[in-house]
Amino acid sequence: MTEGRPGAVASASLWEREEEVATLEEAITALRADSSTSGTLLVLSGEAGLGKTALLAEVRRIAESKGCAVWSARGGETVTSVPFNVVRQLLQPALVSLLPEEAREYLGDWYDIAGPALGVAEPGDRQPDPQGVCDGLVAAVRRLAKRDWPLVLLIDDAHWADQETLRWLAAFAERLDDLSVLVVVARRPGGVSGESARLLDAVAAAGRPVSTLTALTPAATEGLTRATLGEHADAPFCREVWAVTGGNPYETVELLAKVQDSELEPVEGSAAELRDLNRSARGRGLVARLEGLGIDATRFAWAAAILGTGISLDLAAQLAGMPDEEASRCAELLGAARILTTAGSAGGQLPDGELEFVHPLIATAVYRSIPDALRTAMHGQAAWAVTESGRGAAAASRHLLEVHPDDDPELVEQMREAAREHLAVGAPDAARRCLERALKEPPLPEVHARVLYELGCATLLTAPSTTIGHLRAALERPGLEDTARVDAVFRLSQALLHNNQLDEAVRTVDAEVARLEPGPARMRLQAVHYMWEGIHAGEERAGHSSGLAELVTTCTGRDNSERALLILRGFDAMTRGENAEEVVELCDRALVNGRLAPGLAWTDTEWGVELLLMLGSAYAYTDRLDRAESLFSEALHAYVKAGWSGGHLSLANAYLGLAHRRRGRLADAEHYQRESLRLAERVGRGLPLYWSATCGLIDTLLARGHVQQAAEIAERYGFAPPYPSTIVLPDTRSVRGRLLLAVGRTKEGINELEAAEKAAAARGHHNTVLAPWAVDLAKALANEDPSRAAALAADARRQAERFGTDTAIGEALRCAAALETGQRAVRLAAQAVTYLEASPCQYEHAAARIEYGIASRSVMELNKGLTLARTCGADGLAAKAQAALTGL
């Protein structure tokens with residue numbers, strides 16, 4: 001609020017706020033008491049002028065008096081489009097105090113990820129994942145907070161914070177359990193919509209509301225008036241102060257200051273003048289008061305309002321078109337008039353020499369008072385001044401967003417450069433705004449397609465349906481040639497796939513293939529065609545496998561298009577249950593010296609993650625688990641290092657969990673799959689990666705014997721039809737059928753496994769390990785329909801022998817043994833042990849040992865099985881073995 005007023009006026013906005021101040025002081029005391037306590041988030045809510053800013057100033061005063069470090073930041077109505085604006089304000093003073101090597105040490109692995117967003121490190125060559133940047137910012141604050149304990153973070157006007165800051169704040173609020181820090185957030189209720197409103201709601205839900213501030217009562221207004229003007233202020237005058245201001249603390253403080261300035265006597269006879277005085281403190285009255293300071297002071301205030309943040313004297317002077325001496329005089333006038341204040345006078349952390357408005361209401365009133373045409377022109381001048389100051393295209397872009405379209409090719413290039421800068425620090429929404437503005441200019445015909453293409457790339461992760469329109473428009477215009485055009489087609493097909501338009505994705509790719517001459521570009525799109533068909537969960541498309549097999553006969557693995565086709569053919573052969581050795585041979589040919597080829601790494605975007613997941617899955621289900629685990633571990637490390645902590649990291653965890661599940665390391669599998677599900681929750685439910693995380697975790701929990709936990713996960717996360725249009729590993733219907741059988745819903749389980757049977761037949765999938773519906777269905781039907789059960793078991797064994805892995809054959813023999821009795825059951829169980837002992841899948845080996853021990857009544861076999869089960873973390877199997885030993 002107003003700064004520099006004597007005594008009571010300086011603290012007037014705290015009048016009738018004793019309860020809120022007590023709560024805040026109590027939180028500061030608790031913070032200082034123990035560095036190991038959980039953090040606290042307090043939310044102050046109230047309409048404009050009700051004292052939120054004054055309460056934050058009081059928090060600062062109390063905290064600093066008790067030896068706490070205080071960092072603060074404020075949102076601004078005119079700078080909501082500036083990404084990371086508020087979090088930069090909050091953290092940069094702490095980071096600037098560090099030497100570069102110290103900042104790198106404190107931020108650790110997050111330095112290269114979060115550093116560019118904070119403006120303390122140069123962006124890398126690869127576009128960062130926005131979620132990874134958010135996580136990096138959370139880690140940065142956590143590390144710095146531990147260094148500066150006890151620490152208080154103050155965020156004012158959070159309703160005007162940029163979306164990137166709100167995303168960080170919502171994530172940070174979820175991580176306060178083990179971090180001793182006090183966060184106080186002030187906001188107005190309502191006023192925002194969309195994603196910003198959702199994030200603010202998440203912050204509010206994670207915090208504890210101090211109160212929703214209300215206006216002062218008549219009694220409080222009377223007390224404040226007499227404390228400010230003297231006890232001789234009479235009751236009618238005090239009542240009129242309340243009536244004029246409605247009890248709004250900010251307006252009351254300003255009105256009483258005007259009364260003092262005008263030397264008005266606080267008596268009933270003067271009360272009639274209060275309304276005119278009050279009008280001069282806000283709205284048009286404030287504007288009139290500003291104009292009364294002279295045209296130069298008005299122009300300087302306008303320049304400050306246009307800049308909004310980072311209001312340095314020289315930059316404002318340049319924008320106002322006046323020498324520095326005149327600018328200094330204007331700043332002093334505006335300070336005396338309680339319109340602007342200098343750095344630090346309000347307890348903030350602004351760099352030396354910077355200015356800010358005394359109150360957001362003043363900033364808004366001044367900004368809106370600028371004539372529309374002049375305001376637009378000044379934004380254009382501000383963009384030029386900011387660029388000339390060396391702050392870059394991204395800093396200037398918020399001003400260019402306000403400039404009217406005028407066929408300016410230079411503006412288009414500035415906005416394209418700004419978009420690239422925004423993408424480089426992990427702010428795709430800001431990049432999108434810049435490119436959408438560039439299109440309104442509009443671009444020259446020769447670059448129009450390029451702008452559309454860049455816009456499509458910027459929106460790919462956040463808005464697939466919007467991306468489709470942009471990329472289609474780009475492809476319809478001249479200007480995209482060669483590699484860029486092929487890449488645009490690939491990205492368009494990706495967007496169509498994510499928008500559940502698989503048929504259209506394939507048609508789009510095929511249309512481009514038809515117009516291309518034979519060569520790497522054409523082969524790349526042919527591979528994309530088969531990739532999208534290969535992950536489709538519906539009926540197999542006519543000629544898919546035969547066409548892919550024929551195309552691969554010419555491939556030697558000499559470039560990445562051929563390597564992609566080899567991977568796709570290997571994956572297709574694996575799902576169809578063809579010879580496993582041939583599958584592995586195909587996959588090995590796609591590698592270079594046993595490693596992923598350059599351009600096919602996990603963080604390369606030319607092909608997408610799906611291709612490499614297919615490669616690792618082909619190894620996982622052909623008993624080459626060392627190779628699968630190595631690939632998926634490489635993915636996890638690559639995504640963590642690059643800061644990709646959204647969908648890519650979720651998938652890496654899910655598939656590394658799958659590799660551990662196949663090996664029989666069930667506790668490790670559960671760890672990775674739970675992490676995958678946590679990450680998938682942040683990306684959004686319903687996506688294929690969400691199904692991968694859920695299905696894998698349920699499968700692992702069932703293997704561990706934790707049936708109730710598996711059922712709870714299925715219920716909580718909606719693990720039930722309808723299933724996604726893309727395939728999920730492990731097979732969703734097989735896993736759900738197994739779950740239903742485990743919880744005693746036998747009929748439903750049989751129905752689900754029969755649905756899995758039909759789906760597998762439609763897809764041509766005959767791999768009994770990939771989709772183990774047949775062995776589970778055979779066991780479920782053993783009593784009800786023994787002849788069908790026997791037929792299913794016999795067919796499963798034929799398919800397993802065709803595929804040829806020890807795991808597949810061993811599992812088929814386990815199924816056959818379960819349907820037999822007497823010595824035949826013992827012989828089959830012994831054969832299953834022989835195969836599964838040679839398999840890398842230790843859980844299946846443990847199950848076979850225990851089943852053989854039960855069938856043969858062998859204490860030795862049961863003990864071996866028990867030891868294996870405990871090693872795997874298969875609690876259910878261990879209990880089964882223990883019970884069998886007890887019964888012998």
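Above this text is the structure in question.
What comes next is a walk through the structure. (Residues numbered from 1 in each chain as written. Predicted model: local features only at pLDDT ≥ 70, side-chain atom pairs only at ≥ 80, totals over all residues. Heavy atoms only, no water.)

**What about the overall build of the chain?**
For clarity, the threshold we go by: Only DSSP runs of H or I reaching four residues or more are called helices, and only runs of E reaching two or more are called strands; each is numbered from the N terminus. Categorising residues by exposure relies on relative accessible area from a 1.4 Å probe, with only protein chains included: less than 20% of the type maximum marks a residue as buried, more than 50% marks it as exposed, and the intermediate range marks it as partly exposed. We call two residues in contact whenever any of their non-hydrogen atoms come within 4.5 Å of each other. For every accessible area listed, the method is Shrake-Rupley and the probe measures 1.4 Å; residues are considered covered only by the protein chains on display. We count Lys and Arg on the positive side and Asp and Glu on the negative side, and we leave His and both chain ends out. We put the charge of a Lys on NZ, of an Arg on CZ, of an Asp on CG and of a Glu on CD.
Along its length, the chain carries 45 helices and eight strands. Seen through its principal axes, the chain has C-alpha atoms that stretch 110 × 70 × 50 Å. Here the chain, with 888 residues, has 57% of them falling under the buried criterion. In the chain, 68% of the contacts between residues at least 6 apart in sequence involve partners at least 24 apart. Per element, the accessible surface of the chain, about 35500 Å² overall, is 49% carbon and sulfur. For the chain, the centre of its 91 positive side-chain charges and the centre of its 121 negative side-chain charges are spaced 6 Å apart.

**Observations regarding the pattern of salt bridges**
Put simply, the rule reads: Within this document, salt bridges are pairs made up of a side-chain nitrogen of Lys or Arg and a carboxyl oxygen of Asp or Glu, the two lying within 4 Å of each other.
Scanning the entire structure with this criterion turns up 61 salt bridges. Between Arg 524 and Asp 487 there is a salt bridge; the shortest N-O distance is 3.4 Å. With Arg 524 in helix 27 (residues 520-534) and Asp 487 in helix 25 (residues 482-498), this pair connects stretches of sequence that are 37 residues apart. There is no split in this pair, since Arg 524 and Asp 487 are both buried. A salt bridge links Asp 776 to Arg 738, with the shortest nitrogen-to-oxygen separation between them at 3.0 Å. Of the two residues, Asp 776 sits in helix 39 (residues 773-780) while Arg 738 sits in helix 37 (residues 732-742), which places them 38 residues apart along the sequence. Judged by its relative accessible area of 12%, Asp 776 is buried. Salt bridges sharing partners connect three or more residues here, namely Arg 661, Arg 662, Asp 699, Arg 738, Asp 776 and Glu 844.

**What about the packing of helix 21 (residues 409-424) against helix 23 (residues 445-459)?**
Which entries qualify depends on this criterion: Comment: axis = line fitted to C-alpha atoms, over the contacting stretch for helices; angle = value between 0 and 180 degrees taken between N-to-C directions. By definition in this entry, angles of less than 35 degrees are roughly parallel, angles greater than 145 are roughly antiparallel, angles of 65 to 115 are roughly perpendicular, and the rest are oblique. Put simply, a crossing is left-handed when the front helix is turned counterclockwise from the back one by less than a right angle, and right-handed when it is turned clockwise. Only Asp, Glu, Lys and Arg are considered charged, only Ala, Val, Leu, Ile, Met, Phe, Trp, Tyr, Cys and Pro nonpolar, and every remaining residue, Gly among them, polar.
Interhelical geometry of helix 21 versus helix 23 gives an angle of 20° and a closest axis separation of 12 Å. Considered as vectors, helix 21 and helix 23 are oriented roughly parallel to each other. Crossing of helix 21 over helix 23 shows left-handed handedness. Contact residues: helix 21 offers Val 412, Arg 416, Arg 420 and Leu 423, while helix 23 offers Val 447, Arg 450, Val 451, Glu 454 and Ala 458. By residue class, the composition of the contact of helix 21 with helix 23 is five nonpolar, no polar and four charged.

**Focus on the nonpolar core**
Using the following cut-off: To define a nonpolar core, start from buried Ala, Val, Leu, Ile, Met, Phe, Trp, Tyr and Cys residues and group those joined through side-chain atoms within 4.5 Å.
In terms of nonpolar packing, the biggest core is built from 181 residues, with Phe 300, Trp 532 and Trp 602 touching the most fellow members. Apart from residues lying up to four places away in sequence, Trp 602 is in contact with Leu 596, Val 609, Leu 612, Leu 613, Leu 631, Phe 632, Glu 634, Ala 635, Ala 638, Tyr 639 and Trp 644. In this structure, Ala 103, Val 138, Val 183 and Ala 427 belong to the second largest nonpolar core, which totals 51 residues.

**What about the environment of Tyr 530?**
With respect to the secondary-structure elements, Tyr 530 resides in helix 27. Under the relative-accessibility criterion, Tyr 530 is labelled buried at 14%. Here the alpha-carbon distance between Tyr 530 and Asn 653, two residues 123 residues apart in the chain, equals 25 Å. The contacts of Tyr 530, once residues within four sequence positions are left out, are His 544, Gly 547, Leu 548, Leu 551, Leu 565 and Leu 568.

**Re the sheet that holds strand 2 (residues 69-74)**
Cut-off, in case you're wondering: Pairs of strands are assigned from DSSP output, requiring at least two bridges between the strands.
Pairing is parallel in the open sheet, where five strands are placed in the order 2-3-4-1-5. Edge positions in the sheet fall to strand 2 and strand 5 (208-212), since each has one partner strand and no second. Strand-to-strand twist of the sheet, defined as the mean angle between neighbouring strand axes without regard to direction, takes the value 15°. Here strand 1 (residues 40-45) pairs with strand 4 (residues 182-187) via six bridges, running parallel. Looking at the pairing, Leu 44 lines up with Ala 186 of strand 4.

**Description of the sheet that holds strand 8 (residues 354-357)**
Ordered by their spatial adjacency, three strands build an open sheet running 6-8-7, and the pairing between neighbours is antiparallel. The outermost strands of the open sheet, each flanked by one partner alone, are strand 6 (311-312) and strand 7 (340-342). Pairing of strand 6 with strand 8, which is carried by two bridges, proceeds in the antiparallel orientation. Following the sheet pairing, Ile 311 is matched in strand 8 by Leu 355.

**Thoughts on unusual backbone geometry**
Backbone torsion omega between Trp 149 and Pro 150 reads -5°, so that peptide bond is classified as cis. Residue placement: Pro 150 occurs in the loop between helix 7 (130-147) and strand 3 (151-156). Each neighbour pair has its own omega, and for Pro 721 with Pro 722 the value is 0°, a cis peptide bond. Within the secondary structure, Pro 722 is located in the loop between helix 36 (707-716) and helix 37. Positioned with a positive phi, Glu 16 is a non-glycine residue whose angle comes to about 65°. Tracing the backbone through its elements, the reader meets Glu 16 in the loop between helix 1 (7-10) and helix 2 (18-33). Accessibility expressed as a relative area gives 27% for Glu 16, which makes it partly exposed. With a phi close to 50°, Asp 407 is a non-glycine residue in the positive phi region.

**Quick notes on the pairing of strand 4**
Regular strands place side chains that alternate from one sheet face to the opposite one. What counts is decided by this rule: Crossover handedness is defined by viewing with both strands directed away from the observer: a clockwise path from the first strand over the helix to the second marks the crossover as right-handed.
Here strand 4 lies mainly inside the structure; six of its six residues are buried. Burial along strand 4 is two-sided: Leu 182, Val 184 and Ala 186 and Val 183, Val 185 and Arg 187, pointing in opposite directions, are all buried. Of the strand pairs in this sheet, strand 3 and strand 4 are connected by four bridges, and their pairing is parallel. Considered in strand 4, the bridge of Ile 155 is made with Val 185. Between the parallel pair strand 3 and strand 4, the chain is carried across by helix 8 (residues 163-173), and the sense of this crossover is right-handed.

**Describing the side chain of Ser 545**
What counts is decided by this rule: A 3.5 Å cut-off defines polar contacts: any pair of N or O atoms within that distance qualifies, except that in protein one atom must be a possible hydrogen donor and the other a possible acceptor, and neighbouring residues in sequence count only when both atoms are side-chain atoms.
Within the fold, Ser 545 resides in helix 28 (residues 544-552). A polar side-chain atom of Ser 545 sits 2.7 Å from a polar atom in the side chain of Asp 572. When residues no more than four places from it in sequence are discounted, the contact partners of Ser 545 are Glu 540, Asp 572 and Arg 576.

**Some words on helix 25**
The cut-off we apply is this: Residue count minus one, scaled by 1.5 Å, sets the expected span of a helix.
The terminal C-alpha atoms of helix 25 lie 25 Å apart, and with 17 residues this matches the ideal 24 Å at 1.5 Å per residue to within 8%. Extensive coverage of helix 25 is indicated by the burial of 14 of its 17 residues. Count one or two residues on from helix 25 and you reach Asn 500, which has phi positive near 65°.

**Quick word on helix 35 (residues 688-704)**
Owing to its 3.6 residues per turn, the α-helix brings residues three or four apart onto one side. End to end, helix 35 covers 24 Å across 17 residues, agreeing with the expected 24 Å (1.5 Å per residue, within 8%). The buried count for helix 35 comes to 16 of 17 residues, which makes it a mostly enclosed element. After helix 35 finishes, the residue Gly 705 shows a positive phi value of roughly 90°.

**Brief notes about the environment of Thr 309**
Here Thr 309 is to be found in the loop between helix 15 (295-307) and strand 6. You can call Thr 309 partly exposed: its relative accessible area is 30%. Considered as a pair, Thr 309 and Gly 75 are 234 residues apart in the sequence and their alpha carbons are 9.3 Å apart. If we skip the residues at most four places from it in the chain, Thr 309 touches Val 79, Asn 85 and Arg 398.

**Notes on the packing of aromatic side chains**
Applicable threshold: Each Phe, Tyr or Trp ring, with Trp reduced to its six-membered ring, pairs with another whose centre is within 6.5 Å; inter-plane angles below 30 degrees give stacked pairs, above 60 give edge-to-face pairs, and intermediate values give tilted ones. In this analysis the charged atom, NZ for Lys or CZ for Arg, is taken to sit over a ring once it is within 6 Å of the ring centre and within 35 degrees of the ring normal.
Per the counting criterion, the structure on display carries nine aromatic pairs. Ring geometry for Trp 168 and Phe 172: centres 5.3 Å apart, planes at 20°, overall stacked. Placement of the pair is Trp 168 and Phe 172 together in helix 8, with a separation of four residues, close to one helical turn. Here Trp 168 matches Phe 172 in class, with each residue buried. Between Trp 691 and Tyr 723, the aromatic rings sit 5.5 Å apart at their centres with planes inclined by 75°, giving edge-to-face as the arrangement. With Trp 691 in helix 35 and Tyr 723 in the loop between helix 36 and helix 37, the pair connects residues that are 32 residues apart, well separated along the chain. For Tyr 723, a relative accessible area of 16% corresponds to the buried category. The ring of Tyr 367 is capped by Arg 375, whose NZ or CZ atom sits 5.3 Å from the centre of that ring.

**Some words on the side chain of Asn 248**
You can see Asn 248 is positioned in the loop between helix 11 (235-245) and helix 12 (249-262). Polar contacts involving the side chain of Asn 248 include one to the main-chain amide nitrogen of Glu 251, which spans 3.1 Å. The contacts of Asn 248, once residues within four sequence positions are left out, are Ala 48, Gly 49, Leu 50 and Ala 215.

Scope: geometric values only; no functional claims are made or implied.
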